[in-house]
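As a plain string of letters, each chain reads:
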Amino acid sequence: MNKNIIVLAGDGIGKEVTQWGVKVLQEIADQFGHTFTFEEALIGHSAIVAEGAPLSDETIERCKKADAILLGAVGHPMYDNDPSAKVRPEQGLLKIRKELGLYSNIRPIKIFDELIGASSLKPEILRGADFLFYRELVSGIYFGRPRERFNDGNSAKDTKVYHRYEVERIARQAFDAARTRRKILHSIDKANVLESSRLWRETVQVLSTEYPDVTVTHMFVDNAAMQLIRDPLQFDVILTGNMFGDILSDEASQIAGSLGMLASASVGDKVGIYEPIHGSAPDIAGKNIANPLATILSTALMLDISFGMKEEANTVIDAVDQLLKSGYRTSDIADSTTDKNQILGTKEIGNKLLNIIKNNK
Ligand code: IPM
Ligand code: MG
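Residues numbered from 1 in each chain as written. Chains lettered and ligands numbered in written order. Predicted model: local features only at pLDDT ≥ 70, side-chain atom pairs only at ≥ 80, totals over all residues. Heavy atoms only, no water.

Asker: Can you help me understand the domain arrangement of the protein chain in this one?
Answerer: For an interface, size is often stated in terms of accessible area lost upon the parts coming together. By domain assignment, the protein chain separates into domain 1 (1–108 + 260–361) and domain 2 (120–256). Between the C-alpha centres of domain 1 and domain 2 there is a distance of 24 Å. Summed over both partners, the interface of domain 1 with domain 2 buries about 1,600 Å², with 60% contributed by carbon and sulfur atoms. Contact with domain 2 buries area across many residues of domain 1, yet Tyr103, Asn105 and Arg107 alone supply 41% of it, more than any other trio. (Domains from an automatic or database assignment. Buried area = accessible area lost by both parts, 1.4 Å probe.)

Asker: I would appreciate a short explanation of unusual backbone geometry in the present structure.
Answerer: Negative phi is the rule for most residues except glycine; trans is the rule for most peptide bonds. The omega torsion of the bond from Arg145 to Pro146 falls at 0 degrees, within 30 degrees of zero and hence cis. Examined against the element boundaries, Pro146 turns out to sit in the loop between strand 5 (130–136) and strand 6 (148–149). The phi dihedral of Ala281 falls on the positive side, at around 40 degrees, and the residue is not glycine. If you trace the backbone, Ala281 turns up in the loop between strand 12 (272–276) and helix 11 (293–306). Although it is not a glycine, Asn288 adopts a positive phi angle of roughly 60 degrees. Tracing the chain through its elements places Asn288 in the loop between strand 12 and helix 11. (Helix = DSSP H or I, 4+ residues; strand = E, 2+ residues; numbered from the N terminus.)

Asker: Please clarify how the side chain of Thr240 should be interpreted in this entry.
Answerer: In this structure, Thr240 sits in strand 10 (residues 237–240). A distance of 3.2 Å separates a polar side-chain atom of Thr240 from the backbone oxygen of Ile188. Apart from the residues within four sequence positions on either side, Thr240 is in contact with Tyr134, Arg135, Glu136, Ile188, Trp200 and Gly245. (Polar contact = N/O pair within 3.5 Å; in protein donor to acceptor, adjacent residues only side chain to side chain. Contact = heavy atoms within 4.5 Å.)

Asker: I keep staring at the site of ligand 1 and nothing clicks. Help me out?
Answerer: If you check the shell around ligand 1, you find Glu90, Leu93, Arg97, Arg107, Arg135, Tyr142 and Asp246 and nothing else. At 2.9 Å, a side-chain N or O of Asp246 approaches an oxygen atom of ligand 1. Structurally, ligand 1 is housed in the largest pocket. In terms of residues, the shell around ligand 1 owes the most to one element, helix 5 (residues 89–99), which gives three residues. Across the shell around ligand 1, the residue classes break down as two nonpolar, no polar and five charged. (Near = heavy atom within 4 Å. 1 Å grid on protein atoms, 1.4 Å probe; cavity = no way out; pocket = protein on both sides within 12 Å on 5 of 7 lines; lining within 4 Å. Sits in = over half its atoms within 2 Å of the grid points. Nonpolar A, V, L, I, M, F, W, Y, C, P; charged D, E, K, R; others polar.)

Asker: Even after reading the chapter, I still don't get the packing of helix 7 (residues 164–179) against helix 8 (residues 195–208), so can you show me in this structure?
Answerer: For any two helices packed against each other, the geometry comes down to the angle between their axes and how far apart the axes lie. Put simply, helix 7 and helix 8 touch, their axes get as near as 9 Å, and they point 50 degrees apart. In terms of their interaxial angle, helix 7 and helix 8 are classed as oblique. Considering the relative orientation of helix 7 and helix 8, their crossing is right-handed. For the pair helix 7 and helix 8, the contacting residues are Arg164, Val167, Glu168, Ile170, Ala171, Arg172 and Phe175 in the first and Leu199, Trp200, Glu202, Thr203, Val204, Leu207 and Ser208 in the second. Tallied by class, the residues present in the contact of helix 7 with helix 8 amount to eight nonpolar, two polar and four charged. (Axes fitted to C-alpha atoms, helices over the stretch in contact; angles between N-to-C directions. Parallel < 35°, antiparallel > 145°, perpendicular 65-115°, else oblique. Left-handed = near helix turned anticlockwise from the far one by under 90°.)

Asker: Mind showing me how you'd approach the nonpolar core here?
Answerer: Proteins that are soluble and globular tend to have nonpolar side chains buried together. Residues Tyr134, Leu239, Met261, Leu303 and Val320 are the most contacted members of the largest nonpolar core, which totals 60 residues. Domain assignment of the residues forming this core places at least three in each of domain 1 (1–108 + 260–361) and domain 2 (120–256). Beyond its immediate sequence surroundings of up to four residues, Leu303 is in contact with Leu25, Ile28, Phe36, Gly308, Met309, Glu312, Ala313 and Val316. Among the nonpolar cores identified, the runner-up in size contains 22 residues, and Ile109, Ile116, Val221 and Leu248 belong to it. (Core = buried A, V, L, I, M, F, W, Y, C linked by side-chain atoms within 4.5 Å. Buried < 20%, exposed > 50% of the residue type's maximum accessible area, 1.4 Å probe, protein only.)

Asker: How do you make sense of the pairing of strand 8 (residues 184–189) when you look at a structure like this?
Answerer: Regular strands place side chains that alternate from one sheet face to the opposite one. Of all the six residues making up strand 8, five are buried; the element is thus mostly covered by neighbouring parts of the structure. Two strands pair when backbone bridges link them, and strand 8 and strand 9 (residues 215–220) are joined in this way by six bridges, in the parallel orientation. Opposite Ser187, over in strand 9, you have His218 as the bridge partner. A crossover links strand 8 with its parallel partner strand 9, the connecting element being helix 8, and its sense is right-handed. (Pairing = 2+ DSSP bridges. Right-handed = clockwise from strand over helix to strand, strands pointing away.)

Asker: Just to check I follow, could you spell out the packing of helix 9 (residues 221–230) against helix 10 (residues 242–252) for this structure?
Answerer: Taken N-terminus to C-terminus, the directions of helix 9 and helix 10 make an angle of 15 degrees; their axes are 10 Å apart at the nearest point. By the angle between their directions, the pair helix 9 and helix 10 is classed as roughly parallel. In the packing of helix 9 onto helix 10, the handedness of the crossing is right-handed. Every residue of helix 10 that contacts helix 9 at Val221, Ala224, Ala225, Leu228 and Ile229 is listed here: Phe244, Leu248 and Glu251.

Asker: Would you mind going over helix 10 with me for this structure?
Answerer: An α-helical turn contains 3.6 residues, so a residue and the one three or four places further along point in the same direction. Taken residue by residue, helix 10 has Asn242, Phe244, Gly245, Leu248, Ser249 and Ala252 as its buried positions. Looking straight down helix 10, one finds its buried side chains confined to an arc of 150 degrees; they lie on one side. Turning to helix 10, the residues buried within the fold contact strand 4 (104–110), strand 5, strand 8, helix 8, helix 9 and strand 10. (Arc of directions from axis to C-beta.)

Asker: Got a minute to help me understand the side chain of Thr18 in this structure?
Answerer: As for its placement among the helices and strands, Thr18 is situated in helix 1 (residues 14–32). For Thr18, the side chain forms a polar contact with the main-chain oxygen of Gly14, separated by 2.8 Å. Every residue in contact with Thr18, bar those within four places of it in the chain, is listed here: Val7, Ala9, Leu70, Leu71, Gly72 and Thr295.

Asker: Is there a simple way to explain the sheet that holds strand 4 in this structure?
Answerer: Picture the strands of a sheet paired through backbone hydrogen bonds; they go either parallel or antiparallel. Taken in spatial order, the ten strands make up an open sheet running 2-1-3-12-11-4-5-10-8-9, and their pairing is mixed. The sheet terminates laterally at strand 2 (35–41) and strand 9, the two strands that pair on one side only. Averaged over all neighbouring strand pairs, the angle between strand axes comes to 20 degrees, with direction disregarded. Across five bridges, the pairing between strand 1 (residues 2–10) and strand 3 (residues 68–73) is parallel. Considered in strand 3, the bridge of Gly10 is made with Ala73. Where helix 9 meets the sheet, its contacts fall on strand 5, strand 8, strand 9 and strand 10, and the angle it forms with strand 9 comes to roughly 110 degrees. Packing against the sheet, helix 11 makes contact with strand 1, strand 2, strand 3, strand 4, strand 11 (263–267) and strand 12, and its axis sits at approximately 160 degrees to strand 12.

The following block contains the structure:
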């Protein structure tokens, strides 16, 4: 198959990690007789510097025509402590999600047995954890209007709006996913307080009648935050809105050992974006210590979801598994039992992984 992939490396460690995603995809293409072409474009702070905006119209048009997008990370510390900045790197990310209609953000949380020691949680709580987030990505408080600072400068407003069709389309995806798994769905909201959450709950309740084989639990977000670390094994598919999903998925990264391991897919009806969940990590950028495995696992999601290449995707996942079994770690996933000589930099662990894929051929 021929596939055209746009690489939006973004900021900070974005370039360091996406280049390993590209190398892995290239190797997979060679092994399985596909042709993948890669085109680079800018997003985030790097786009503000070079093009004057965090995402240009030209880049959006190119992305719309691509078969898939591999994204690194966006964000730069110069904006974080400047609340008055009008142009911000994150606007590029929000815009591309909206423009491409990527309403469904899938974040798999699965602990690799070898990484149980890297988490801050107790091993006996984590072992066997395996669930998926379906986070709504193009609505809710991230996009609701109006959003403004009032004239006196002392008050500000954001708006959380959900329309029934927006809840329904992501809920349907989550139910369909649950059907292929353990058939358990938790829908997370704050229906005891928020009207938009009551609409959310009602919509999920109505849809659940079409899925009698799926067990649905409605859970308030504060309780969900607690249940996630109390007993993560109870979860199979978690369906939630934009902001709750943002927060809960960072929390859940500790269930997968490290934020450096978490991949994600953002899909709608056409082209999808595949990206690690972690941010641009400016503090470690350029030091060759970033963990490229989340990006590499994101390429596996791309192969599977956008290209329908299951075997190719499993080749990547198996290689990551093998790499971890052989003891190699980046520093974020090392623990007290890790042999110091097996703690590798970005390039070194990337090359180890590539060699595993080559040798498995
Ligand atoms: C994420 C990130 C983004 C979000 C930021 C960078 C805008 O935290 O993808 O989870 O909040 O959605
Ligand atoms: Mg986030």
